[in-house]
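Geometric and topological summary
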Number of protein chains: 2
Amino acid sequence: MQPWFVYRKCSNRSCDMCIYFLVLFASVCLQVQIKREKALDITSEHLIKAMADQMANEGWRELGYVYLSIDDCWTKKQRDPNGRLEPDPDRFPSGIKALADYVHSRGLKLGIYSDMGNYTCGGYPGTTLDTIKTDAETFSSWEVDMLKFDGCYSNDTEKAIGYPKMSSALNATGRQILYSCSWPAYEGGLPPKVNYTQLGNICNMWRNYGDIQDSWASVLDIIKWYAVNQDVLQPTAGPGHWNDPDMLITGDFGLSYEQSKAQLAIWAILAAPLIMSNDLRTISQEAKDLLQNRLLIYINQDSLGIQGRQIMKVDCLGVWKRELVNGQYAIAVINMGDDGLPRPFTTSLGLLNVTQCPVGYKLYDVFDRNYLGLFNSETTFNLKINPSGVVMLFIQPASVVNHMKRHGSYFG
Amino acid sequence: MQPWFVYRKCSNRSCDMCIYFLVLFASVCLQVQIKREKALDITSEHLIKAMADQMANEGWRELGYVYLSIDDCWTKKQRDPNGRLEPDPDRFPSGIKALADYVHSRGLKLGIYSDMGNYTCGGYPGTTLDTIKTDAETFSSWEVDMLKFDGCYSNDTEKAIGYPKMSSALNATGRQILYSCSWPAYEGGLPPKVNYTQLGNICNMWRNYGDIQDSWASVLDIIKWYAVNQDVLQPTAGPGHWNDPDMLITGDFGLSYEQSKAQLAIWAILAAPLIMSNDLRTISQEAKDLLQNRLLIYINQDSLGIQGRQIMKVDCLGVWKRELVNGQYAIAVINMGDDGLPRPFTTSLGLLNVTQCPVGYKLYDVFDRNYLGLFNSETTFNLKINPSGVVMLFIQPASVVNHMKRHGSYFG
């Protein structure tokens, strides 16, 4: 699945601590689909410009959704006589540089796609070991701000050489280009085949697991995989180098409202890039409200950059926790059942091991946009979690008195 | 899953041709859940009365949703000294007769639940072979209008005796009681273990397959099972005796908007009972609009009562067709894929084998509520089907000129 999507990411793969961003990818494959249907949006550059306009005009950019990226299938079927990648002239008649200029003029950043291999996954020219330097320089000359580097049509050895080599080539251009690596997903996502120490040094983010599909079954499969493997994966994430559980499918076709909230909550706990895959021109108000939830984004973008963990599993309920800056926490309780019945969950801050602040904590419901009150560690409280849904709490030490003012309203 | 739901059914199991109804079931198990959470709706009769009020006041009754039924767990844990079932006095303090009176006063009908076996599925007293007559008489004395007869805690032999015996016992009461049999679902749903000729003579409707869960995966599994086995199942349905693929989960938690439309479309094609399972007090406007779609209900309730069939499968697209009265047809094209991309489907009335009317056909989009124009058998047209979604067409001979007037607006 490669339609529209938005990434959150650190601005520079070589930084240790940096400001995070959110990114919108645009897929040229979707464009091909549209073309086949003889729709109005026959050129990809038209579609990407339209998305850039939406991002700038509809409040996305100010929330941090600033990368807008072209996915697979944007090139001609052959390189040019100088061995350079060229955009399909039917769909990008003005070229990528002009598109980057337009995207920059809207206060956004442009991402592009290539593949470490003989062909891209969609069958277009790939980046082979001998064209890495050329392609990095091409992308830099177009003033591209991000590269998603896929891994179809190459073997393990080529990947092991190519991914670090592209990192060096991007750095050598002198341009800050966010580097997203699909490498570990092609190697099963786990050590010893995957070396996360090396990845953290060369990539800003990486896909660990298979492609997300537009279904709750797929979202749940991914969530469970990250829970099972969290002892390996959780320590690898941090500012400038993130695990990427793949796109958000909120606003697409396959998730209910409850399921959309559940994906967003777990992605926020996982400190995951928030990559939208919807069409911003036609997104429902319901989906827009979820994706523009300020408190959710605040949690996702927390400056400590510590990935959260599943701390408890009780029947079909999974309890996730993320430590945030200033002694704050986020908790997400997800109901993985589909029997149609909301599940009760009774707990306390003590049971959730949130006990450090002696004067207690203020609790907020992230999706209901409610302040729930002041709680100490012994106070029990009851949550009701809908089937394939979530309840997400933001927990703030009562001593952080000016916090709301400094950050504006979480529920704005 | 046993929360709220609505059945469409023939009013009398012994009729050959009758007016159809839609039915709302209410689950007492859900009530127990609510009680455990100390919610306001602590008594089941309160909850059922609230639903009856919704059905009468919010346009459901006029559309045909008239049965409101209590599901499992409504009785005391023991029969009374006379061997009769008694309602739990905490949840039904006024008794079932008073509840039936209330439901009838709202222009609705009351359904109840029992189980052919030693216990109900929820562990309450079942209806054994020696208590069938007593229970039928009890239900009749309470002026109940429908019985769902489940099949937990009995063997094949007991079921083979008990289901026909209950049919006779209900008939012997002289009261018209709609009889819904879970029997075939306990026997795998297929001949030779299931005798559909016999079922058609004794039951108004029957569950063929496993319980639906609140997920698209479950809906899709059911749709595929009915497609694979349609040569057996399709001929068994007709006025007064219907296949029941289980409840609609539109308005619950697990389906996206697209998936909700897809379930409704296939259930309409299958001439299936429309059984809601949502809480009518909190249902979203979006779900309400789908469930109150007049043209969809018109198709579902077509007076010929011929179950439709999957007539084509092309990759992940399934094309379903149902023959309706007056030479009309319904077509549903469902996209079973989850790759995130809408699928094009180009067809014509000729390719769909809708060719009998020489002056052509008027086409309507059921969910978009659009008149698409006049088509002859050669005109090709293009549909775009969203992932896990559907496009549903209503096809009317151009010669049926007064049809719209006689039935009012389909899109009202």
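One numbering rule holds for all chains: residues counted from 1, following each sequence as written. As a convention, the first chain written is A and the first ligand written is 1, with the rest following in written order. Under the rules for a predicted model, residues below a pLDDT of 70 receive no local features and side-chain atom pairs below 80 are neither given nor counted, while totals for whole chains, interfaces and linings still include all residues. Each side-chain value is worked out from all heavy atoms of the structure, with water and hydrogens disregarded.

In the nomenclature of an unreviewed UniProt entry, chain A is known as Alpha-galactosidase of Leptobrachium leishanense. As its UniProt record puts it under Subunit (unreviewed entry), chain A is described as follows: "Homodimer." Per UniProt, chain A carries the Subcellular location (unreviewed entry) text "Lysosome". UniProt positions are given in the numbering used here, feature names are shortened, and annotations may be inferred rather than shown by experiment.

Turning our attention to the confidence of the model for chain A. All names here are of chain A. Averaged over all residues, the pLDDT of chain A equals 87, while 87% of them reach at least 70. In this model residues 1–43 is a low-confidence stretch, pLDDT under 50, and it forms 201 contacts with partners more than four residues away in sequence or in other chains. Counting interchain partners and residues more than four positions distant, the pLDDT-below-50 stretch residues 402–408 has 13 contacts. The predictor's confidence in any single residue is recorded as pLDDT, a number from 0 to 100. Every residue pair with non-hydrogen atoms within 4.5 Å of one another is taken to be in contact.

All names here are of chain A. Secondary structure elements are taken from DSSP: a helix is a run of H or I of four residues or more, a strand is a run of E of two residues or more, and numbering for both begins at the N terminus. Here the expected length of a helix is defined as 1.5 Å per residue gap, with one fewer gap than residues. Under the 1.5 Å per step criterion, the end-to-end length of helix α11 (residues 257–269) is 19 Å for 13 residues, consistent within 8% with the ideal 18 Å. Most of α11 is tucked away, with 12 of its 13 residues classed as buried. Burial status follows relative accessibility: with a 1.4 Å probe on protein chains alone, a residue under 20% of its type maximum counts as buried, one over 50% as exposed, and anything between as partly exposed. Along α11, the residues that are buried comprise Glu258, Gln259, Ser260, Lys261, Ala262, Gln263, Leu264, Ala265, Ile266, Trp267, Ala268 and Ile269. Looking one or two places after α11, you find Ala271, whose phi comes out positive at around 55 degrees.

On to the sheet that holds strand β10 (residues 309–314) of chain B, then. Residues and elements named next belong to chain B. Judged by pairing direction, the sheet is antiparallel, and its 6 strands sit side by side in the order β10-β11-β12-β17-β14-β15 without closing on themselves. Both outer strands of the open sheet, β10 and β15 (370–375), are each paired with one neighbouring strand and no more. With direction set aside, neighbouring strand axes in the sheet form an average angle of 20 degrees. Two elements, strand β14 (residues 361–365) and strand β17 (residues 390–397), share 5 bridges in a ladder whose sense is antiparallel. Among the inter-strand pairings, Asp365 is bridged to a residue of β17, identified as Leu393. Here, strands pair whenever DSSP counts at least two bridges between them. Convention adopted: a line fitted to C-alpha atoms gives each axis, helices being fitted over their contacting stretch, and angles between N-to-C directions are expressed from 0 to 180 degrees.

Put simply, two rings from Phe, Tyr or Trp (the six-membered ring, in Trp's case) pair if the centres are within 6.5 Å, and we call them stacked under 30 degrees between planes, edge-to-face over 60, tilted for the rest. Tallying each qualifying case throughout the model produces 30 aromatic pairs over all chains. Look at Trp225(B) and Tyr226(B): their rings are 5.1 Å apart centre to centre, the planes differ by 80 degrees, and that puts the pair in the edge-to-face class. Judged on exposure class, the residue Trp225(B) and its partner Tyr226(B) are both buried. An aromatic cluster of three or more residues is present, and its members are Phe149(A), Tyr163(A), Tyr179(A) and Trp183(A). Stacked on the ring of Tyr102(B), the Lys or Arg Lys49(B) has its end atom at 5.2 Å from the ring centre. Sitting over a ring, as applied to charges here, requires NZ of Lys or CZ of Arg to be within 6 Å of the ring centre and within 35 degrees of the ring normal.

As a further point, take the UniProt feature "domain: Alpha galactosidase A C-terminal" (unreviewed entry) in chain A. Mapped onto the present numbering, the UniProt feature "domain: Alpha galactosidase A C-terminal" (unreviewed entry) falls at residues 305–389 of chain A. Secondary structure content for residues 305–389 of chain A is 0% helix and 51% strand, while the C-alpha to C-alpha distance between its ends is 25 Å.

All names here are of chain B. Along the polypeptide, Ser69 turns up in strand β3 (residues 65–70). Engagement of the side chain of Ser69 in a polar contact is seen with the backbone oxygen of Gly111, the distance being 3.1 Å. A 3.5 Å cut-off defines polar contacts: any pair of N or O atoms within that distance qualifies, except that in protein one atom must be a possible hydrogen donor and the other a possible acceptor, and neighbouring residues in sequence count only when both atoms are side-chain atoms. One polar contact links the side chain of Ser69 to the main-chain amide nitrogen of Ile112, over a distance of 3.2 Å.

We now examine the interface of chain A and chain B. Of the residues lining the interface, 24 residues belong to chain A; the matching set on chain B comes to 24 residues. For the pair chain A and chain B, the summed buried surface comes to about 2,100 Å²; carbon and sulfur atoms form 59% of the total. Criterion for a salt bridge: a side-chain nitrogen of Lys or Arg within 4 Å of a carboxyl oxygen of Asp or Glu. Across the chain A-chain B interface, the total number found is 0 salt bridges. For the interface between chain A and chain B, the tally reads 8 residue pairs in polar contact (both at pLDDT 80 or more). Two parts placed together each lose some accessible area under a 1.4 Å probe, and adding up what both lose gives the buried area.

Bringing the sheet that holds strand β14 (residues 370–375) of chain A into the picture now. All names here are of chain A. One open sheet accounts for 6 strands, arranged β9-β10-β11-β16-β13-β14; its pairing is antiparallel. Each of the sheet's edge strands pairs with one partner strand only, and the pair in question is β9 (309–314) and β14. Strand-to-strand twist in this sheet, taken as the mean axis angle between neighbours without regard to direction, amounts to 20 degrees.

Now for helix α2 (residues 44–57) of chain B. All names here are of chain B. Between its first and last C-alpha atoms α2 spans 20 Å; for 14 residues at 1.5 Å apiece the expected length is 20 Å, and the two agree. Every buried residue of α2 is accounted for by Ser44, Glu45, Leu47, Ile48, Ala50, Met51, Ala52, Met55 and Ala56. Just downstream of α2, Gly59 is the residue with a positive phi angle, here 85 degrees.

This paragraph deals with the domain arrangement of chain A. All names here are of chain A. Residue ranges labeled as domains rest on an automatic or database domain assignment. Once the domains are mapped, chain A shows domain 1 (5–300) and domain 2 (309–411). Each partner contributes to the interface: domain 1 provides 29 residues, whereas domain 2 provides 30 residues. When domain 1 packs against domain 2, the two sides together hide about 2,600 Å² of surface, and 65% of this comes from carbon and sulfur. For domain 1, the biggest contributors to the area lost against domain 2 are Ile269, Leu295 and Tyr298; these three give 27% of the whole. Put simply, domain 1 and domain 2 have 1 salt bridge between them.

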